[in-house]
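Structure assessment
Single-letter residue listing:
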Amino acid sequence: MTIVLVSLILGAFAILYYYLTHNYKYWQKRGIPCADGILPGIGHMLPAITLRTTFPEFLSKMYNDNKNCSMVGFYSFTKPSLVVIEPQLVKTVLQANFSSFNRNVFQVDPDLDPLFALNPFNLIGEKWQAARKRLTYAFSSMRLKILLESVKTVCVVFENYLDNKLKETRKIEVELKDLCSKFTAQVVAGAGFGVDGYCFNEEKKDLSFQKVGTAILQPNLRTKIVMMLTFIAPSLNKILRVKAIPKHIDNFFRTLVAELIEQRRKDGKPRNDFLHLMTELEKQEGTKFDLEVLTAHAMSFFIDGYETSSTVMSLVLYQLAVHQEIQKKLREEVMSVFEKYNGEITYEGLKEMTYMDQVLCESQRIIPTVGFQSKMCTEEFELKGSDGLVCRVQPTTEIQIPVDGLHRDPKYWNNPEIFDPDRFSPENKQSIDRFAFLPFGEGPRICPGMRMALLQIKAGLAVLLRKYSLELSPKTKLPLKMIPGAILASPEGGLWVKIQQL
Ligand code: HEM
């Protein structure tokens, strides 16, 4: 009896072990090098699921350990995934053979998150094209000038806020992510919806757009779980059914957009915001947009634009606080452009701030806000590396683009650990490999909000630098360490600086 029981248990373990490991020869059989450290059932995911490391760092390690290969395989639990290491292969996946890799891995269940599922990031085919077309329409040069009018109003509120804080004291200590989130959430409220976001109003902070953003994206247990389930283990979410967007936030956007659109369709008054542009486009296309779709576009404007932009802006300001000589040089540019345009923020003036562009690029190179991109193979395709490796990639295989690793590889960047905006000077930038620098992605899915993001960040930086200087506070924990499980780069303990009037 005991022998039978023991044999049954051993048999069950053997079957389980086989089930959990049978796929682990997948890369070996195809002649593709495989990363070290496989565990049954978990594959290579232990550091990522135990939150010992961020997902971009996890991919960077694989990138650095296998730098001499054009690609390397690993197992996301039991599923084979491929990291492309050579920029030429990144180009193949993101651009040249987009039709074979045209979807993102991120999986949102339309029944759980109906609005978020309509975000272009989560769409494919015709729906993706239509949603992207509308965002792209809103961010053409002509319309960006319209949106800039709202950004300018926010700049005045931002400046008044800092002036008030610095009225009675010479220096203030602030956490940059918090400060920049106020700015970008106020921009989204104004340029997106034409309403006051109450982000600089202490009395109304519970009603603020910043609070809405925090509820969706701030790194906490809920967002870490959402990140795991949507990026790393989407099949598990078929059972757990965790929403990416909390119910009250979904309701907030539905109510807000329904009220504003009704008002706009009735009064037809021109306004300087995204919703107005959508009603204009409606007229041009001669069809009334479905309210659900319109709300989803408005939510895209908020979710995709607010947290990414505030993260980039805060990291740039951190670099300026650390590199005083670069701060000084940038301020000189800002001052001379303001002088040329009578102290006004203008579209042309922001365009002329080219050293600011260099600083922005370098800051995004050294700490990319989005440190990896994941694409899914949609059609069998043969990837050929320059080292002779050939991989016939099968549909549903996940392809990881190790943005962090590429941005810090000495093969593409001299002294990559040094913050040097001159890498992006007009003379030097010609020699940059486009596919080794991916702050906004590349190819047909490149970030459609890039120009809007840069416009608002540049305006915010210009306003800050013309009147105030920044220095690093000892409260910032150095070296910076990113919070594992956060969706975007989020330094532990925050980025603390001291700000004072010039
Ligand atoms: C500095 C701020 C921003 C950064 C760093 C950023 C970065 C990115 C990246 C890396 C991607 C993925 C590209 C790819 O898959 O190849 C992306 C996609 C996207 N971004 Fe941004 N983004 C920013 C701001 C914005 C803004 C302001 C908006 C809109 C208001 C926006 C809307 C989107 C959308 C809709 C997608 C999905 C595009 C698609 O899949 O077709 N982003 N962004």
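Please refer to the structure placed before this passage.
Residues numbered from 1 in each chain as written. Predicted model: local features only at pLDDT ≥ 70, side-chain atom pairs only at ≥ 80, totals over all residues. Heavy atoms only, no water.

Observations concerning the site of the ligand
In the vicinity of the ligand there are 28 residues, among which Trp128, Arg132, Lys375, Arg445 and Cys447 approach most closely. Within the side chain of Trp128, an N or O atom sits 2.7 Å from an oxygen atom of the ligand. A distance of 2.5 Å separates an oxygen atom of the ligand from a polar side-chain atom of Lys375. Breaking the shell around the ligand down by element, the ones donating at least two residues are helix 6 (125-138), helix 14 (291-322), strand 5 (373-376) and helix 20 (450-467). (Near = heavy atom within 4 Å. Polar contact = N/O pair within 3.5 Å; in protein donor to acceptor, adjacent residues only side chain to side chain. Helix = DSSP H or I, 4+ residues; strand = E, 2+ residues; numbered from the N terminus.)

Overview of the sheet that holds strand 5
With mixed pairing, five strands are arranged side by side in an open sheet as 1-2-8-5-3. Both edges of this open sheet fall to strand 1 (71-76) and strand 3 (103-104), since each of them pairs with a single strand only. The pairing of strand 3 with strand 5 spans two bridges and is classified as antiparallel. Bridge pairing links Asn104 to Lys375 in strand 5. Those strands touched by helix 4 (residues 55-65) are strand 1, strand 2 (79-84) and strand 8 (398-401), and its axis lies near 135 degrees from that of strand 1. (Pairing = 2+ DSSP bridges. Contact = heavy atoms within 4.5 Å. Axes fitted to C-alpha atoms, helices over the stretch in contact; angles between N-to-C directions.)

Considering the coordination of the iron atom of the ligand
Metal coordination angles have textbook ideals: 109.5 degrees for a tetrahedral set of four donors and 90 or 180 degrees for an octahedral set of six. In this structure the iron atom of the ligand is ligated by exactly one protein donor, Cys447 (SG), at 2.3 Å. As for its position among the elements, Cys447 is in the loop between helix 19 (426-429) and helix 20. (Donors = N, O, S within 2.8 Å, 3.2 Å for Na, K, Ca; no water.)

Here's the deal with the pattern of salt bridges
As a working rule, side chains carrying opposite charge can pair if their charged atoms are close by. Scanning all chains against the criterion turns up 33 salt bridges. Salt-bridge contacts for Asp109 lead to Arg241; the nearest nitrogen and oxygen are separated by 3.4 Å. With Asp109 in the loop between strand 3 and helix 6 and Arg241 in the loop between helix 11 (234-240) and helix 12 (247-267), this pair connects stretches of sequence that are 132 residues apart. Judged by its relative accessible area of 26%, Asp109 is partly exposed. (Salt bridge = Lys/Arg side-chain N within 4 Å of Asp/Glu carboxyl O. Buried < 20%, exposed > 50% of the residue type's maximum accessible area, 1.4 Å probe, protein only.)

Considerations on the environment of Pro120
Relative to the assigned elements, Pro120 resides in the loop between strand 3 and helix 6. In this structure, the C-alpha to C-alpha distance between Pro120 and Leu89, residues 31 residues apart in sequence, is 24 Å. In contact with Pro120, not counting residues within four places along its chain, are Trp128, Ala131, Arg132, Leu135, Ser300 and Arg445.

Comments concerning the pairing of strand 6 (residues 381-384)
Here strand 6 shows one buried face, formed by Phe381 and Leu383, and one open face, formed by Glu382 and Lys384. Bridge count between strand 6 and strand 7 (residues 390-393): four bridges; the pairing is antiparallel. Bridge pairing in strand 7 places Lys384 opposite Val390. Between the end of strand 6 and the start of strand 7, which pair antiparallel, lie five residues, with Gly388 showing a positive phi angle near 95 degrees.

Some remarks on a nonpolar patch on the surface
On the surface, Val4, Leu5, Leu8, Ile9, Phe13, Leu16 and Tyr19 cluster together into a nonpolar patch covering about 750 Å² of accessible area. One can find Val4 in helix 1 (residues 2-21). (Patch = residues over 30% accessible without salt bridge, like charges linked within 9 Å, V, L, I, M, F, W, Y side chains within 5 Å. Areas by Shrake-Rupley, 256 points an atom, 1.4 Å probe, with all protein chains shown as cover.)

Some words on the packing of aromatic side chains
A full pass over the atoms with the stated rule returns 22 aromatic pairs. Consider the rings of Phe101 and Phe381, whose centres lie 5.7 Å apart with planes at 75 degrees: the pair is edge-to-face. In this pair, Phe101 is assigned in the loop between helix 5 (87-96) and strand 3 and Phe381 in strand 6, connecting sequence segments 280 residues apart. The residues Phe101 and Phe381 share a single accessibility class, namely buried. Taking 5.9 Å as the distance between ring centres and 40 degrees as the angle between the ring planes, the aromatic pair formed by Trp413 and Phe424 counts as tilted. You can see Trp413 sitting in the loop between helix 18 (403-407) and helix 19 and its partner Phe424 sitting in the loop between helix 18 and helix 19, a full 11 residues away along the chain. Pairwise contacts between aromatic rings join Phe193, Phe209, Phe252, Phe253, Phe302 and Tyr306 into one cluster. (Phe/Tyr/Trp six-rings, centres within 6.5 Å; stacked < 30°, edge-to-face > 60°.)

Some points on helix 13 (residues 274-285)
Each full turn of the α-helix corresponds to 3.6 residues, which orients residues three or four apart in the same direction. Along its 12 residues, helix 13 runs 16 Å from first to last C-alpha, staying within 8% of the 16 Å computed at 1.5 Å per residue. Listed in full, the buried residues belonging to helix 13 are Phe274, Leu275, His276, Leu277, Met278, Thr279, Leu281 and Glu282. Tucked into the core, helix 13 has its buried residues touching helix 6, helix 7 (141-165), helix 8 (176-193), helix 12 and helix 14. Positive backbone phi, approximately 70 degrees, marks Gly286, located one or two places after helix 13. (Expected span 1.5 Å × (residues − 1).)

So, the sheet that holds strand 4 (residues 171-175)
Sheet architecture is open: three strands sit in the order 4-10-9, paired in antiparallel fashion. Since the sheet does not close on itself, it has two edges, and those belong to strand 4 and strand 9 (468-472), each with one partner. Ignoring which end each strand starts from, the neighbouring axes of this sheet average 30 degrees apart. Taken together, the five bridges between strand 9 and strand 10 (residues 496-501) define a ladder with antiparallel strand orientation. Note that in strand 10 the partner of Glu471 across the bridge is Lys498.

Some points on unusual backbone geometry
A cis geometry characterises the amide bond from Leu478 onward to Pro479, with omega recorded as -10 degrees. Mapping Pro479 onto the fold places it in the loop between strand 9 and strand 10. Phi is positive for Thr396, close to 80 degrees, though the residue is something other than glycine. Of note, Thr396 is situated in the loop between strand 7 and strand 8. Positive phi, normally seen in glycine, also occurs at Asn415, with a value near 40 degrees. For Asn415, the position within the fold is in the loop between helix 18 and helix 19.

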